[in-house]
Amino acid sequence: MSVNIEPSGHKSLATGSPAASPAGLGQPSLAEAGAGGTVAGGGVAAAFAGRRRWEFMHFALRNKKLMIGAGIEAVFVFVAIFGPLIAPYGVTKTFPPGLHPSLHHLFGTNAPFGQDVFSQALTGVRDSYMVGALGAVFAGVVGLAVGFAAGWRGGWLDELLQLLTNVVITLPQLVLMIVLSAYQTNRSTLFEGVFIGVTGWPWVARAVRAQTFTLKARDFVDLAKLSGRRASSIVVKDIAPNMASYIFLVFVLLFASSMLVAVNFDFLGLGPSNSYSIGDMMNYASQWSALQLGVWWWFIPPGAAMTLMVVALYITNVGLDEVFNPKLRQQ
Amino acid sequence: MKKVVTYLVAFFVATTVDWGIPHLMPGNPVEIYLSRFNISSNTQYVALQKTISESFGVNVPLWQQYLDFWKGVLHWNFGISFYETAPVTHIIAQAIPYTLALLVPAILLSYFLGNRIGAMAARRKVLDNVVLPIGYVFQAAPYAWLALLLAYVFAVRLRWFPPSLGSNPGIAVGWSWSFILSALHHWVLPFLSVFLVSFGGWSIGMRNLVIYELETDYARYLRSLGASQRLVRRYAYRNAVLPQLSGLALALGVVVGGNIVTEVVFQYPGLGHLIFLAITNEDYFLLQGIFMFIIIGVLLANFVIDIAYVVIDPRTRLSMTGATA
């Protein structure tokens, strides 16, 4: 009784609807339509590497979405790196509480404490990025490993890994985090990032597995096999490069979704114990009734910054997708 | 068959993790419970400790406790809540209607509307320029932020809707018109914050998928045969809906998490808010019971999605009847 993206269904996917392989993604289905097409464009990569890079730059620089998204993101990365240095005040330095936003305090000060919200937001961006990056790397690595192994080896290993994937999908992340965090009361940013990664990989594994299946059937892979190379070397040197653009997009999306998941955790007070992220700010704002007291500048600007960070990633993703995959370019 | 095995394994793993909650937690549940009371005499304390241990069922070996837990799960018995001193199932039963009223319409409406509007936006420049940015902002907004924003604008500033709770505390809970109206009034904002985030995701996903489908060979062929634009779009839609459906299964966990955050922001008396209370009160048996319900709910929803997939995609039906195409 195989439904969904199981092997038997898969054969039809390969010929029928190509978009079906990279299914709806972790965050409510940012379904990655481009993937099927990008793989087809690969071929024997090395020989054309130089020309393709030039072509990539040509389209990249002319893609408005990519330029805008990447531009905004670059600003935030700058803030993440230098934020604590350019922050006008220390995070815990106090002023008269509840000051409205002004030139002295761009986002005002929070209510019972009187801390500068702008300085806290600048510092918070770093923590959110750290968790996003850690989550993306761990989820990406686990997802790729499981996906390649399942897709390449097939057979019982595939069955086993798919079972694992489906079980992880059905366990709600937040519920697990609550259990773990009650046990582990002193948590670090690393802990949060790794946790998000370790629970967020299933959709990557599914998509990569499906892609590996289609690539495995290509002639150049058969040639590589005939030449007697080891499986791991074929996967790394022949299969992965043909998915390079797709893998890159996966990391961009994982980065965005990890940051969003971290905001949820931090908001519920399940985040790292010693950090000051955007989610923490909203947590404190809500706990100290910023809503009822009308201290809107405590939670609206930091949340808006977070939203902008994620939107910029999504736009970058669409832009890159269009650059990699000519079919999607604006008509 | 394989799907059934997956569900059984997932259920087993989840139940085992769930059983571990009070055991993993720092401190002994019996002592936490007793620390709530001011017991001065030592002999009394020891005697109480013994009674409570027996009533919690923690005076038997670990494997026996594990088996007892399974027995409890099968009988819908999750013990007594520390905090409310009422049966856990009873407390959960009061919270479930609120969570279902929030989640079911939010998931279904956002899925159907998002798919429709996303498909409409694909390859239609004017509409696309509206849908794409709005969809991205909704999808990128953290649940907590969107909920706080809605509460601030529509409850604190405009006073159109109440900022918290599930109904007016002055009205008795029951099937009276005044209660239903009050509950609806309190429902709007939490619903909107769960709905909007999902809606953004579905519409963007559908837009991308339909664009992709419109560029495939079968769509080109149809067009070259002179088929109407509407017909081509209809076929594209039907193919694009499939990955969206498996995406729904993947997104469920995220939506449930978002729902917990939303309920906390609005103090909406559903399961999410109950979880929050259970954590702050160290009420582990209640936590255990809630998780069991959430896990069963997610598994059931996944099962329904699997069935829907078979209904929608004839190819999976083929492989199910044994003819491995």
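Cut-off values and rules
Residues numbered from 1 in each chain as written. Chains lettered and ligands numbered in written order. Predicted model: local features only at pLDDT ≥ 70, side-chain atom pairs only at ≥ 80, totals over all residues. Heavy atoms only, no water. Helix = DSSP H or I, 4+ residues; strand = E, 2+ residues; numbered from the N terminus. Buried < 20%, exposed > 50% of the residue type's maximum accessible area, 1.4 Å probe, protein only. Contact = heavy atoms within 4.5 Å. Areas by Shrake-Rupley, 256 points an atom, 1.4 Å probe, with all protein chains shown as cover. 1 Å grid on protein atoms, 1.4 Å probe; cavity = no way out; pocket = protein on both sides within 12 Å on 5 of 7 lines; lining within 4 Å. Points joined across faces, edges and corners; volume = space filled by probe spheres on them. Nonpolar A, V, L, I, M, F, W, Y, C, P; charged D, E, K, R; others polar. Core = buried A, V, L, I, M, F, W, Y, C linked by side-chain atoms within 4.5 Å. Salt bridge = Lys/Arg side-chain N within 4 Å of Asp/Glu carboxyl O. Expected span 1.5 Å × (residues − 1). Bend = angle between axes of the 7 residues up to and from the residue. Axes fitted to C-alpha atoms, helices over the stretch in contact; angles between N-to-C directions. Parallel < 35°, antiparallel > 145°, perpendicular 65-115°, else oblique. Left-handed = near helix turned anticlockwise from the far one by under 90°. Patch = residues over 30% accessible without salt bridge, like charges linked within 9 Å, V, L, I, M, F, W, Y side chains within 5 Å. Phe/Tyr/Trp six-rings, centres within 6.5 Å; stacked < 30°, edge-to-face > 60°. pLDDT = per-residue confidence, 0-100.

1. Brief notes about the overall build of chain B
Then, in step 1: Secondary structure summary: chain B contains 13 helices and zero strands in total.
Then, in step 2: Going from the N terminus to the C terminus, chain B shows its helices and strands as α-α-α-α-α-α-α-α-α-α-α-α-α.
Then, in step 3: Here chain B holds 325 residues, and 52% of them are scored as buried.
Then, in step 4: Long-range contacts, defined here as pairs at least 24 residues apart, represent 73% of the contacts in chain B between residues at least 6 apart.
Then, in step 5: For chain B, the accessible surface area stands at approximately 15100 Å², while carbon and sulfur atoms represent 69% of it.

2. Comments concerning the overall build of chain A
Then, in step 1: Helix and strand content of chain A: 15 helices and zero strands.
Then, in step 2: Out of the 331 residues belonging to chain A, those deemed buried represent 60%.
Then, in step 3: Sequence-distant contacts in chain A: of pairs separated by 6 or more residues, those separated by 24 or more amount to 72%.
Then, in step 4: Total accessible area on chain A is roughly 13200 Å²; 68% of this is exposed by carbon and sulfur atoms.

3. Quick notes on unusual backbone geometry
Residue and element names in this part refer to chain B.
Then, in step 1: You will see that Gln267, though not glycine, has its phi angle at about 50°, which is positive.
Then, in step 2: Along the chain, the position of Gln267 falls in the loop between helix H10 (229–266) and helix H11 (271–280).
Then, in step 3: Judged by its relative accessible area of 36%, Gln267 falls in the partly exposed class.

4. Considering the layout of surface pockets
All names here are of chain B.
Then, in step 1: One number sums up the size of the largest pocket: a volume of about 850 Å³.
Then, in step 2: Lining of the largest pocket is provided by 33 residues; of these, Val104, Ile107, Leu252, Gly297 and Ala301 occupy positions nearest its centre.
Then, in step 3: Elements with a minimum of two residues in the lining of the largest pocket: helix H5 (88–121), H10, H11 and helix H12 (284–312).
Then, in step 4: Class assignment of the residues belonging to the lining of the largest pocket gives a composition of 27 nonpolar, five polar and one charged.

5. Overview of the nonpolar core
Then, in step 1: The biggest cluster of nonpolar side chains holds 169 residues, and the ones touching the most others in it are Phe148(A), Phe267(A), Phe299(A) and Phe291(B).
Then, in step 2: When residues of this core are assigned to their parent elements, the largest contribution, 16 residues, is made by helix H12 (residues 244–267) of chain A.
Then, in step 3: Core analysis: the next-biggest nonpolar cluster, separate from the first, contains 15 residues, Ala122(B), Leu209(B), Val210(B) and Ala236(B) among them.

6. Regarding the pattern of salt bridges
Then, in step 1: Counted under the stated rule, the structure contains two salt bridges over all chains.
Then, in step 2: In this structure, Arg209(A) and Asp158(A) form a salt bridge, with 2.8 Å as the shortest nitrogen-oxygen distance. Here Arg209(A) is found in helix H9 (residues 202–216), whereas its partner Asp158(A) is found in helix H6 (residues 155–170), with 51 residues between them in sequence. Neither residue differs from the other here; Arg209(A) and Asp158(A) are each classed as buried.
Then, in step 3: Between Arg207(B) and Asp128(B) there is a salt bridge, and its shortest N-O distance comes to 2.7 Å. Taken together, the positions of Arg207(B) in helix H8 (residues 177–214) and Asp128(B) in helix H6 (residues 125–140) put the pair 79 residues apart, joining distant regions of the chain.
Then, in step 4: For Asp128(B), a relative accessible area of 8% corresponds to the buried category.

7. Looking at H10(B)
All names here are of chain B.
Then, in step 1: Along its 38 residues, H10 runs just 45 Å from first to last C-alpha, ending more than 12% under the 56 Å computed at 1.5 Å per residue.
Then, in step 2: Its axis deflected by about 45° at Ala251, H10 carries its strongest bend there.
Then, in step 3: The element H10 is largely enclosed, with a buried count of 31 among its 38 residues.

8. A word on the packing of H6(A) against H9(A)
Residues and elements named next belong to chain A.
Then, in step 1: Where H6 meets H9, the axes come as close as 9 Å, and the angle between the chain directions of the two elements is 150°. Relative to H9, the element H6 is oriented roughly antiparallel. In this structure, H6 meets H9 at a crossing whose hand is left-handed. Each of Asp158, Gln162, Thr165, Asn166, Val168 and Ile169 in H6 lies in contact with H9, whose residues at this interface are Pro202, Ala205, Arg206, Arg209 and Phe213.

9. Observations regarding a nonpolar patch on the surface
Residues and elements named next belong to chain A.
Then, in step 1: Where nonpolar side chains cluster on the molecular surface, the patch consists of Val77, Phe78, Ile81, Phe82, Leu85 and Ile86 and spans about 560 Å² of accessible area.
Then, in step 2: With respect to the helices, strands and loops of the structure, Leu85 is situated in helix H4 (residues 64–86).
Then, in step 3: The exposed category is assigned to Leu85, whose relative accessible area is 67%.

10. Quick notes on the packing of aromatic side chains
Residues and elements named next belong to chain B.
Then, in step 1: What the rule picks out here adds up to 15 aromatic pairs over all chains.
Then, in step 2: Geometrically, the ring pair formed by Trp187 and Phe191 is stacked, given 4.4 Å between the ring centres and 20° between the ring planes. Highlighted residues: Trp187 and Phe191, both in helix H8, separated by four residues, approximately one helical turn.
Then, in step 3: Where Phe195 meets Phe199, the ring centres are 5.7 Å apart and the plane angle is 25°; that geometry is what we call stacked. Of this pair, Phe195 and Phe199 are both found in helix H8, four residues apart, which corresponds to roughly one turn of the helix.
Then, in step 4: Through a chain of ring-to-ring contacts, three or more aromatic side chains come together here, namely Trp187, Phe191, Phe195 and Phe199.

11. A short note on the confidence of the model for chain B
Then, in step 1: Per-residue confidence for chain B gives a mean pLDDT of 79, with 86% of residues at or over 70.
Then, in step 2: Model confidence for the complex is summarised by a pTM of 0.79, with the ipTM given as 0.78.

12. A few points about the confidence of the model for chain A
Then, in step 1: Scored by pLDDT, chain A comes out at a mean of 75, with 81% of its residues at no less than 70.
Then, in step 2: This stretch, residues 1–47 of chain A, has a pLDDT under 50; its non-local contacts, to residues over four places away or in other chains, come to 144 contacts.

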